[in-house]
Amino acid sequence: MSGTLSLAPITPENVDAALALRVRPGQEALVAPVVKSLAEAYAYGDTAWPRLILDDGRPVGFVMAFFDITFYPDRPGDRPRSGLWRLLIDAERQRGGYGRFAVEQVCAEIRRRGGSRVTVSYHPGPDGPAEFYARLGFRPTGELSGDQAVAELDLPPLD
């Protein structure tokens, strides 16, 4: 990180910059491209929260949160969840703290909306992000969402 970090809504002015973000070779199977995320954001409306990650105004990544989605609507008692839907840091910017910043911002937005728990799903395996999420405090639930492992983080109570 080199400057001031922020998140920005996707707009006509920055959509091309968002679409240009790419992960490193070999990571393509771990996270969907931004174009798919934006299509899902359009389809899911207010449930999705797509944002460009900026460092001094320069795009370095993309994050998308989700709010109040029920993973298993056919299961009695399944609660709505909010969490991290996508996280993509550009190949040239990885390992710079941008992912941590983005997750912290998603947690803050969930808290602002009254949530107390953050859910994430990810591709398990040696090249996947399990260790990254574990370092941030996420704990596996033992569930699978499709072929992805599910982990959760309880947010500390507000003072």
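Our subject is the structure listed above.
The structure contained in this document is the topic of the report that follows.

What counts, and where the lines are drawn
Residues numbered from 1 in each chain as written. Predicted model: local features only at pLDDT ≥ 70, side-chain atom pairs only at ≥ 80, totals over all residues. Heavy atoms only, no water. Helix = DSSP H or I, 4+ residues; strand = E, 2+ residues; numbered from the N terminus. Buried < 20%, exposed > 50% of the residue type's maximum accessible area, 1.4 Å probe, protein only. Contact = heavy atoms within 4.5 Å. Phe/Tyr/Trp six-rings, centres within 6.5 Å; stacked < 30°, edge-to-face > 60°. Lys NZ or Arg CZ within 6 Å of the ring centre and 35° of its normal.

**Brief notes about the side chain of Glu-40**
Inference 1: Mapped onto the elements of the fold, Glu-40 is located in helix α2 (residues 34-44).
Inference 2: Assessed through its relative accessible area of 16%, Glu-40 is described here as buried.
Inference 3: Residues contacting Glu-40, with those up to four places away along its chain left out, are Met-64, Trp-85 and Arg-86.

**Observations regarding the side chain of Thr-119**
Inference 1: With respect to the helices and strands, the residue Thr-119 is situated in strand β5 (residues 117-122).
Inference 2: Judged by relative accessible area, Thr-119 falls into the buried class, the value being 1%.
Inference 3: Ignoring sequence-local partners within four residues, the contact set of Thr-119 consists of Phe-66, Phe-71, Arg-81, Ser-82, Gly-83, Leu-84, Val-150, Ala-151 and Glu-152.

**Notes on unusual backbone geometry**
Residues apart from glycine generally show negative phi values, whereas peptide bonds are mostly found in trans.
Inference 1: Look at Asp-56: it is not a glycine, yet its phi comes out positive at around 50°.
Inference 2: Its location among the elements puts Asp-56 in the loop between β2 (48-55) and β3 (58-69).
Inference 3: Residue classification places Asp-56 among the partly exposed residues on the basis of a relative accessible area of 42%.
Inference 4: Backbone geometry at Asp-68 places phi at a positive 55°, although glycine is not the residue there.

**Considerations on the packing of aromatic side chains**
Inference 1: What the rule picks out here adds up to eight aromatic pairs.
Inference 2: Members of the aromatic cluster, joined through ring pairs, are Tyr-44, Phe-66, Phe-71, Tyr-72 and Trp-85.
Inference 3: Cation over ring: Arg-75 sits above Tyr-72, and NZ or CZ is 3.7 Å from the ring centre.
Inference 4: When the ring centre of Phe-67 is taken as reference, the NZ or CZ atom of Arg-113 above it lies at 3.7 Å.

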